[in-house]
Structures are given as C-alpha cells and as structure tokens.
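Listed below, chain by chain, are the residues.
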Amino acid sequence: MADFEDHVMQTLANHLSRTYAALATLCLNLPIEITLPTGAVSNIEATPAVRRVMDITEDQPMPEQQMAQLFAVCAFWLGALDLYGLLAHEFHSARAHSAAANLLMAEDHMMDLATWLADQK
C-alpha cells in the first residue's frame, strides 16, 4: 500500500507544480502583469505569492467574471496544497481525490481566463 500512496503523492506533487507554473505564466499575461517566483519554487515561496495574487485580483482591469476566475484558480490551488500537506501526515484516498479535484477546478478556471485573455489581444 505504501507504494500506491507514494505514487499518489508524487502524482499530486507534480500536478501542483505544473498548475503553479501555468498560473505563473497566466499572471504574466494579465492586464497588469504579476510576476510569481518560478523555477525550483518551494511551497514556502509559492504560498504567499499565490495569496498575494488573491489579495490584488480586484486591482486587475477586467470584468468581474474574470476576476472571480483568477481568484478561484488561486483558492483551488491553495486548497490542493493544504490537502497535500495533510496527506503527508495521514494519507486517505478521499483527501487525495479532493486535492486532485481542486487542481482540476483550478485548471478549468485557468483555461477560461486564458481564453478571455487571448480574445483581448
């Protein structure tokens, strides 16, 4: 069972990393560019950066729906990261599924926002 749990944790870690990298790229394309740390970024750097994006979302000159999408991406990503941290202490498949679902929701909102941004250019 430990092999399965290790595999799930690695998969979630990779998904968290990819989603964060996509968010960092998305933020560079916002009407008012936001630069997030990139490269080998730890959760100690990423967490406050994503929280900051949430704090300044309403400063972006874009419609309310797009601001809500950006806010949701950050909230879902942070939720997935929190669940990942809980999984590291006590693994439960329901929690792992919840973390994955949060990441899927973050990606959906990111895609919608990216489409809107592309249409603005």
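If you're wondering where the values come from, they're calculated on a predicted model, not measured in any experiment.

**Student:** Would you mind going over the packing of aromatic side chains with me for this structure?
**Tutor:** The description of two aromatic rings rests on the distance between their centres and on the angle between their planes. Applying the stated criterion to the full structure yields two aromatic pairs. Ring centres 6.4 Å apart and planes at 85° place the aromatic pair Phe4 and Phe91 in the edge-to-face group. You can see Phe4 sitting in helix α1 (residues 2-28) and its partner Phe91 sitting in the loop between α3 (64-89) and α4 (93-120), a full 87 residues away along the chain. You can call Phe4 partly exposed: its relative accessible area is 45%.

**Student:** Sorry, what's going on with α4 here?
**Tutor:** The periodicity of an α-helix, 3.6 residues per turn, causes residues three or four positions apart to be oriented the same way. Between its first and last C-alpha atoms α4 spans 41 Å; for 28 residues at 1.5 Å apiece the expected length is 40 Å, and the two agree. Where α4 is buried, its residues contact α1 and α3.

**Student:** I tried to follow the nonpolar core on my own but got confused; where do I start?
**Tutor:** With 38 residues, the main nonpolar core has Leu23, Leu30, Leu36, Leu70, Trp77 and Leu113 as its most contacted residues. Looking at this core element by element, the count peaks at 10 residues for α3. In contact with Leu113, other than residues within four places in its own chain, are Leu26, Leu30, Met62, Gln66, Gln69 and Leu70.

**Student:** What's the story with the side chain of Thr57 in this structure? I'm lost.
**Tutor:** Note that Thr57 resides in the loop between α2 (43-56) and α3. Overall, the relative accessible area of 3% leaves Thr57 in the buried class. At a separation of 2.7 Å, a polar atom in the side chain of Thr57 contacts the main-chain carbonyl oxygen of Val53. If we ignore the near neighbours within four places in the chain, the residues touching Thr57 are Met67, Leu70 and Phe71.

**Student:** Hey, could you run me through the packing of α3 against α4 in this one?
**Tutor:** For any two helices packed against each other, one specifies the inter-axial angle together with the distance between the axes. Following both chains from N to C, one finds α3 and α4 inclined at 160°, their axes separated by 8 Å at the closest point. Judged on the interaxial angle alone, α4 and α3 are roughly antiparallel. For the pair α3 and α4, the crossing hand works out as left-handed. Class assignment of the residues belonging to the contact of α3 with α4 gives a composition of 17 nonpolar, six polar and two charged.

Conventions and cut-offs
- Residues numbered from 1 in each chain as written.
- Predicted model: local features only at pLDDT ≥ 70, side-chain atom pairs only at ≥ 80, totals over all residues.
- Heavy atoms only, no water.
- Phe/Tyr/Trp six-rings, centres within 6.5 Å; stacked < 30°, edge-to-face > 60°.
- Helix = DSSP H or I, 4+ residues; strand = E, 2+ residues; numbered from the N terminus.
- Buried < 20%, exposed > 50% of the residue type's maximum accessible area, 1.4 Å probe, protein only.
- Expected span 1.5 Å × (residues − 1).
- Contact = heavy atoms within 4.5 Å.
- Core = buried A, V, L, I, M, F, W, Y, C linked by side-chain atoms within 4.5 Å.
- Polar contact = N/O pair within 3.5 Å; in protein donor to acceptor, adjacent residues only side chain to side chain.
- Axes fitted to C-alpha atoms, helices over the stretch in contact; angles between N-to-C directions.
- Parallel < 35°, antiparallel > 145°, perpendicular 65-115°, else oblique.
- Left-handed = near helix turned anticlockwise from the far one by under 90°.
- Nonpolar A, V, L, I, M, F, W, Y, C, P; charged D, E, K, R; others polar.

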